[in-house]
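Reading the structure
Each chain is listed here by its residues.
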Amino acid sequence: MLKYLTRRSEKKTLLTNFSAKSGYAESYRTLQANIQFSSQAANLKSVCVTSAAEMEGKSNTVANLAYTMARNGQKVLMVDCDLRKPGLTRKFGMENRPGLTGLISRDFGAIPTKGSISDISLRDLIKLKKLQKSTGVLSLSDRSNEVEISFHDGNLTNVFWKNRPVKKKLASALIKNRRLKRRQAETALRHQKKSGQKLGTILILMGLISREELKEYLTVHLVEAFKTAVSMYNGTFSFVNLPGSRVETTIRQNVNFDRLFSELFEDEQQTFFLAETIESAISRTNTSNLYLLPSGRIPSNPSKTLNSEKLAFILEHLTRNFDFVIIDTPPAMPVSDVMLVAPNTDGILVVLKAKKVGKAEIKNVIRQLEAGKTRILGLILNCVDMNKDRYYRYYKK
């Protein structure tokens, strides 16, 4: 169980210390209602919370808004993406947890060189290679089949069924479709054995088939090989890093690997290894339905860590598995980190502390966010003295 571990001045502003009937608690229920109203119109599932400058109460706002939503029955996750001064993580006493940066650098950064397909599925392996931008060959083997999958900068470039049955090989398919005579096929195979070149290349050089016609046959072969790999639920895998020149295909196939990947892997549960890895970094709070993914160790280059496909994948997974995700990010004025996180969410909420930041600075922040084509859901005016309505007049100008 986690507890709020904060300085006294911060602790006084957390809703856990206020009556549900207080005006302070009511202000957050009003904020929740406004967000839910917007959610119904725009299907909001995740929001990014930032501020114009430091010390405006954004982390406190995240904690209290999430608490309010959770008390209302929603399964809510807070994500601390402020990798410079992770206030949300500190509030919950989570400074020593691996958290988000642990996921990105350690769990998703490590390249498994070998293992069991039953422990890490093919979908997990392919997604990992994509996120890691790996270049090399992934070899799969079970009692019946051996398949090699090639990657270049994380992109799937080729699939080779090593022990493809003779009747399914290229020469057999061409003979069956009367595109090649048996004697021609035997001659080409002898050349292949001597030269070590691919059969398709030899057939083109011999003038027995056109490049475009060969692509059609190779496309069928690739799909068959990929389907064979997908059917391998048991067995082993190994991965070898290679120079890009060694995984280039001689003949480019007419295959959209991304679409093929999506078609063959419709069930999201097939990424159980990655899903369990992400979920293992999340902690429950002492409030029912409220969870936290802490920041983890502060990296040397926060912007680089946030500007990654790994973060986008993590947030996409979290959005699917929680009713609502609230992300705490650094202030917009000192750094541009919020611009890296916001595109992976449904919009931004900007927290402003009354009388702390001038109108010119606020307008500058709004222009900056709008220039980044991010959706500003609204501004939250914080620490307002309700007995002095001049604050409203000040920010309305």
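First, a word on scope: everything that follows refers to the structure included in this document. Every chain's residues receive numbers from 1 upward, in the order its sequence appears when written. The model is predicted, so local features are restricted to residues of pLDDT at least 70 and side-chain atom pairs to those at 80 or more, both for listing and for counting; the totals for chains, interfaces and linings are taken over all residues. Only hydrogens and water are set aside when side-chain values are computed; all heavy atoms of the structure are taken into account.

Helix and strand counts for the protein come out as 17 helices and twelve strands. For the protein, the proportion of contacts with a sequence separation of at least 24, taken over those separated by at least 6, is 77%. Each accessible area is a Shrake-Rupley result for a 1.4 Å probe, and residues are judged covered by the shown protein chains and nothing else. Only carbon and sulfur atoms are counted for the fraction: they give 48% of the accessible area of the protein, which is about 20800 Å². Comment: elements are numbered from the N terminus, with helices defined as DSSP H or I runs of at least four residues and strands as E runs of at least two. For this analysis, residues touch if any pair of their heavy atoms sits within 4.5 Å.

Bringing the sheet that holds strand E2 (residues 76-80) into the picture now. One bridge is not enough; two strands pair if DSSP finds at least two bridges between them. Strand order in this open sheet of seven strands is E8-E9-E2-E10-E1-E11-E12, and the pairing throughout is mixed. Every other strand in the sheet has two partners, leaving strand E8 (283-284) and strand E12 (376-382) as the edge strands with one partner each. What counts as an axis is a line fitted to C-alpha atoms, over the stretch in contact for a helix, and the angles between N-to-C directions run from 0 to 180 degrees. On top of the sheet, helix H3 (residues 58-71) reaches strand E1 (46-51), E2, strand E9 (290-293), strand E10 (324-328), strand E11 (348-353) and E12; it is set at about 170° to E10, its chief contact.

Distance thresholds for patches are 9 Å for like charges and 5 Å for nonpolar side chains (Val, Leu, Ile, Met, Phe, Trp, Tyr), applied to residues having over 30% relative accessible area and no salt bridge. Salt bridges are defined by distance alone: a side-chain nitrogen of Lys or Arg within 4 Å of a carboxyl oxygen of Asp or Glu. The charged-residue count follows a simple rule in which Lys and Arg add positive charge and Asp and Glu add negative charge, with His and chain termini not counted at all. Working definition for charges: the position is that of NZ of Lys, CZ of Arg, CG of Asp or CD of Glu. A contiguous patch of positive charge on the surface is contributed by Lys355, Lys359, Lys363 and Arg367. Among the structural elements, Lys363 can be located in helix H16 (residues 359-371). A relative accessible area of 47% places Lys363 in the partly exposed class. Only protein chains enter the accessibility calculation, which uses a 1.4 Å probe; a residue whose area is less than 20% of its type maximum is buried, one above 50% is exposed, and one in between is partly exposed.

Pairing of aromatic side chains here covers Phe, Tyr and the six-membered ring of Trp, requires ring centres within 6.5 Å, and sorts the geometry by plane angle: under 30 degrees stacked, over 60 edge-to-face, intermediate tilted. In this structure the tally under the stated criterion is three aromatic pairs. A centroid spacing of 6.0 Å and a plane angle of 50° characterise the contact between Phe108 and Phe313, whose relative ring orientation is tilted. One end of the pair, Phe108, is in the loop between helix H5 (99-107) and strand E3 (114-116); the other, Phe313, is in helix H14 (residues 309-321), with 205 residues separating them in the sequence. Judged by relative accessible area, which is 1%, Phe108 ranks as buried. Relative accessible area serves as the criterion here: at 11%, Phe313 is assigned to the buried category. Relative to Phe322, the ring of Tyr291 lies with its centre 5.5 Å away and its plane at 70°, an arrangement referred to as edge-to-face. In this pair, Tyr291 sits in strand E9 while Phe322 sits in the loop between H14 and E10, placing the two residues 31 residues apart along the sequence. Comparing Tyr291 with Phe322, the two get one shared label, buried. Distance and angle both matter: a charge sits over a ring if NZ of Lys or CZ of Arg is within 6 Å of the ring centre and within 35 degrees of the ring normal. One residue, Lys75, lies across the ring of Phe322, its end atom 4.8 Å from the ring centre. Here Lys129 stacks its cationic end above the ring of Phe239, 4.1 Å away from the centre of that ring.

Here the focus is the pattern of salt bridges. Inspection of every chain in the model, using the stated rule, returns 13 salt bridges. Two residues, Glu224 and Arg164, come together in a salt bridge whose shortest N-O distance is 2.8 Å. In this pair, Glu224 is assigned in helix H10 (residues 211-230) and Arg164 in the loop between strand E6 (155-161) and helix H7 (170-176), connecting sequence segments 60 residues apart. Look at Glu224 and you get partly exposed, because its relative accessible area is 24%. By relative accessible area, which is 9% here, Arg164 ends up buried. In this structure, Glu316 and Arg320 form a salt bridge, with 3.4 Å as the shortest nitrogen-oxygen distance. Residue Glu316 and its partner Arg320 are both found in helix H14; the two are separated by four residues, about one turn of the helix.

With that settled, the discussion passes to H3. Spacing of three or four residues puts side chains on the same side of an α-helix, whose turn is 3.6 residues. A helix's residues, less one, multiplied by 1.5 Å, set its expected span. Here H3 is 14 residues long and its end C-alpha atoms lie 20 Å apart, about the 20 Å a rise of 1.5 Å per residue gives. Within H3, 13 of the 14 residues are buried, which leaves the element mostly enclosed by the surrounding structure. Within two residues after H3, Gly73 carries a phi angle of roughly 100°, on the positive side.

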